[in-house]
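Each chain, written out:
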Amino acid sequence: NPYAGLVSSLRASWLTGKTRPMGYRVAQLEALGRFLDEKKEEMMEALAADMQEPSFEAEYNILLCKNELNDTLNKLDTWMKDEHVEKNLVTQMDLAFIRKEPYGVVLIMAPWNCPIIPALMPLIGAIAAGNCVIVKPAEANKSTKALLAEVLPSYLDKDCYAVVSTGEEGTVKLLENKFDYIFFTGTSQWWGLMGVLPGPGLWGPCCDTSLPSSGSPPMGRTVMMAAAKHLTPVTLELGGINPCYVSDTCDVQIAAKRVAWGRFFHAGQTCVAPNYVLCSVEMREKLLPALREAITEFYGAEPKESPDFARIAEEKQFQRLQALLGSGRVAIGGQTDEQERYIAPTVLVDVQPSDPILQETILGPILPIITVGGVEEAIDFINARARPLSLYVFSSDKKVLKQVLEQTSSGGFCGNDTLMQLTLTSLPFGGIGESGLGRYHGHFTFATFTHLRSCLQRTTALEPIHAVRYPPYSAGKTGVVRFASELKRQGACTLL
């Protein structure tokens, strides 16, 4: 295996304990901060070269990474401290605590659609937790990948951190190695690796790796199968078909602007973008002109000429999105340019639940609108599908917001806006069910890459008292142990 030596080398470094001291972790995090500061322009240029990323959106991505880094540096001392826990009568003279320990050697895999945040944010938490790390950037973003692979390692300790740039077959080889944790960000389906998925030699005879009829295997399951061979824990950030309910009581102009921004930011290639809108027929007739006005305000009469509208990251994603335009009827936009990988901000109507565009995370600038009779029907529509990564609701009625929040399930929820939940390091970010498992951002990133070690250090004093637990047993000993060890429900009473 071409990566076995690298993994073994990182494991040897980790076993020395080099990454455990707080001073070392802080030094590496500060070095990562210098990378973000000193290579900011290069990162923005790389994103512009890969997908014509607007400078505002590129800088916003870097800002979120810097916020994550500073939040971690500000609080790392507190996060690392042993957590002392409650004790029963028997252990009152002992030490009982939770030790925060690193897992070991971890693998971070970043996606094609958002190459910076899913690579660097988990890296911050993995370093903070004391792990050695391999970062695997996406291959589609050639300029960004080159920057991460060629420049980032020069800022970090090469004995403990590495960036692996490899294609689809190399990714399979990389996953054959034993890691102590795998953090994968992507979609629920892998639109690559066609024809190079491994057989039973990697996964074992019990795992079926054949392609489904769609020709696209679920990537989350692929990573989990690779991890299962070594019983490696995983975090899977898989994206989701994120619903957005727009109620009749909302401010239409505000809702249109915030939905349009969330859907067309980064040309729609964010995993938390609203994937479709649910609204009444009456609201649709108000929302369409408001969306058209918002798109024109944001990107001008010709969005293709706007410096504020990105392009699709790679050709095969452009082809996939172009095919999805056949769902329903184009009400706004719909123009494409294959040479530039440009798809105009597009709104579709008359979309059927069975249409292809509602069967996958879109990850592109296309917004379907589905009409429903009201909030109850919208909730039923949402609950009939896999639980999404994010769920959005626009309403001036707090009862509607509460009803949708309480009667649905999703990784995250945002009322009267889109995407903004991601800006808070205090909120965990992660999916549920088909949209993923695990979470990160802020302390949750540190916790993800941290093993909680249960520790009890007992005294050898008062041995005659502790000897009551030793055989031979008796009714008297049982009563003493019950009195000293039993945990009773608070507020409970005994009827005499």
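Everything numeric here is computed off the predicted structure, so don't read it as measured data.

What follows deals with the sheet that holds strand β14 (residues 366–371). Taken in spatial order, the 7 strands make up an open sheet running β10-β13-β14-β9-β8-β15-β16, and their pairing is mixed. Of all strands in the sheet, those with a lone pairing partner are β10 (329–332) and β16 (412–415), marking the two edges. Recorded for the sheet is a direction-independent mean angle of 25° between the axes of neighbouring strands. Summarising the sheet, strand β8 (residues 243–246) and strand β15 (residues 390–394) pair through 3 bridges and their orientation is parallel. Note on β15: the bridge partner recorded for Tyr245 is Val393. Helix α11 (residues 281–299) contacts β8, β9 (276–279), β10, β13 (346–349) and β14 of the sheet and is inclined by roughly 165° relative to β14. Sitting on the sheet, helix α13 (residues 375–383) is in contact with β8, β9, β14 and β15, with an inclination near 145° to β9.

This next bit is on the state of the cysteines. Within the structure shown, the criterion is met by 0 disulfides. Lacking any disulfide linkage, Cys271 is separated from the closest cysteine sulfur, that of Cys114, by 7.0 Å. Since its relative accessible area comes to 19%, Cys271 is described here as buried.

A few words now on the pattern of salt bridges. Inspection of every chain in the model, using the stated rule, returns 22 salt bridges. Asp71 serves as the salt-bridge partner of Lys75, at 2.8 Å between the closest nitrogen and oxygen. Of this pair, Lys75 and Asp71 both sit in helix α4 (residues 55–80), 4 residues apart, which is roughly one turn of that helix. Using a relative accessible area of 37% as the deciding quantity, one classes Lys75 as partly exposed. In this structure Asp71 comes out as buried when scored by relative accessible area, which is 10%. Across the pair Asp82 and Arg99 runs a salt bridge, and its minimum N-O distance is 2.5 Å. Of this pair, Asp82 sits in the loop between α4 and β1 (83–84) while Arg99 is found in strand β2 (residues 95–102), placing the two residues 17 residues apart along the sequence. With a relative accessible area of 34%, Arg99 lands in the partly exposed category. Counted as one network, the salt bridges with shared partners bring together Arg284, Glu285, Arg329 and Asp350.

What follows deals with the confidence of the model for the chain. Looking at the chain, the pLDDT average stands at 92 and 93% of residues meet or exceed 70. Taken as a whole, residues 190–217 scores under 50 in pLDDT and shows 52 contacts with residues more than four places along the chain or in a different chain.

Turning our eyes to something else, we now look at the sheet that holds strand β3 (residues 105–109). By definition, the strands of a sheet pair up through backbone hydrogen bonds, in either a parallel or an antiparallel sense. One open sheet holds the 6 strands; their spatial order is β5-β4-β3-β6-β7-β17, and the pairing between them is mixed. Pairing within the sheet leaves two strands with one partner each, and these edge strands are β5 (161–163) and β17 (436–437). Relative to strand β4 (residues 132–136), β3 runs parallel, the two being bridged by 5 bridges. Pairing of Val106 across the sheet is with Val133, part of β4. Across the sheet, helix α1 (residues 4–15) touches β3, β4 and β5, and the angle it forms with β4 is around 150°. Across the sheet, helix α9 (residues 219–228) lies against β3, β6 (181–185), β7 (234–237) and β17, angled at about 170° from β7, the strand it touches most.

So, about empty space enclosed by the protein. Summed over all chains, the structure comprises 4 cavities of 30 Å³ or more. In this structure, the largest cavity occupies an estimated 350 Å³ of space. As for the largest cavity, its lining consists of 25 residues, of which Cys114, Ile117, Thr270, Val272 and Leu422 are closest to the centre. Elements with a contribution of two residues or more to the lining of the largest cavity: α4 and α5 (117–128). Considered class by class, the residues forming the lining of the largest cavity number 16 nonpolar, 8 polar and 1 charged.

The next point concerns the pairing of β15. Of all 5 residues in β15, 5 are buried, a share of seventy percent or more. Residues Ser390, Tyr392 and Phe394 point to one face of β15 and Leu391 and Val393 to the other, with burial holding for every one of them. Of the pairings in the sheet, the one linking β15 to β16 comprises 4 bridges and is parallel in character. Counterpart to Val393 in the pairing with β16 is Gly415.

This part covers the nonpolar core. In this structure, Phe35, Leu123, Val246 and Leu291 are the most contacted members of the largest nonpolar core, which totals 136 residues. The biggest single contributor to this core is α5, with 9 residues. There are two domains that each give this core at least three residues, and those are domain 1 (3–190 + 220–239 + 439–451) and domain 2 (243–425). Beyond its immediate chain neighbours, meaning those up to four positions away, Phe35 contacts Lys40, Met43, Leu120, Leu148, Val151, Leu152 and Tyr155. Ala138, Ala140, Ala313 and Leu363 belong to the second largest nonpolar core, which has 6 residues in total.

About the cut-offs
- Residues numbered from 1 in each chain as written.
- Predicted model: local features only at pLDDT ≥ 70, side-chain atom pairs only at ≥ 80, totals over all residues.
- Heavy atoms only, no water.
- Pairing = 2+ DSSP bridges.
- Helix = DSSP H or I, 4+ residues; strand = E, 2+ residues; numbered from the N terminus.
- Axes fitted to C-alpha atoms, helices over the stretch in contact; angles between N-to-C directions.
- Contact = heavy atoms within 4.5 Å.
- Disulfide = S-S within 2.5 Å.
- Buried < 20%, exposed > 50% of the residue type's maximum accessible area, 1.4 Å probe, protein only.
- Salt bridge = Lys/Arg side-chain N within 4 Å of Asp/Glu carboxyl O.
- pLDDT = per-residue confidence, 0-100.
- 1 Å grid on protein atoms, 1.4 Å probe; cavity = no way out; pocket = protein on both sides within 12 Å on 5 of 7 lines; lining within 4 Å.
- Points joined across faces, edges and corners; volume = space filled by probe spheres on them.
- Nonpolar A, V, L, I, M, F, W, Y, C, P; charged D, E, K, R; others polar.
- Core = buried A, V, L, I, M, F, W, Y, C linked by side-chain atoms within 4.5 Å.
- Domains from an automatic or database assignment.

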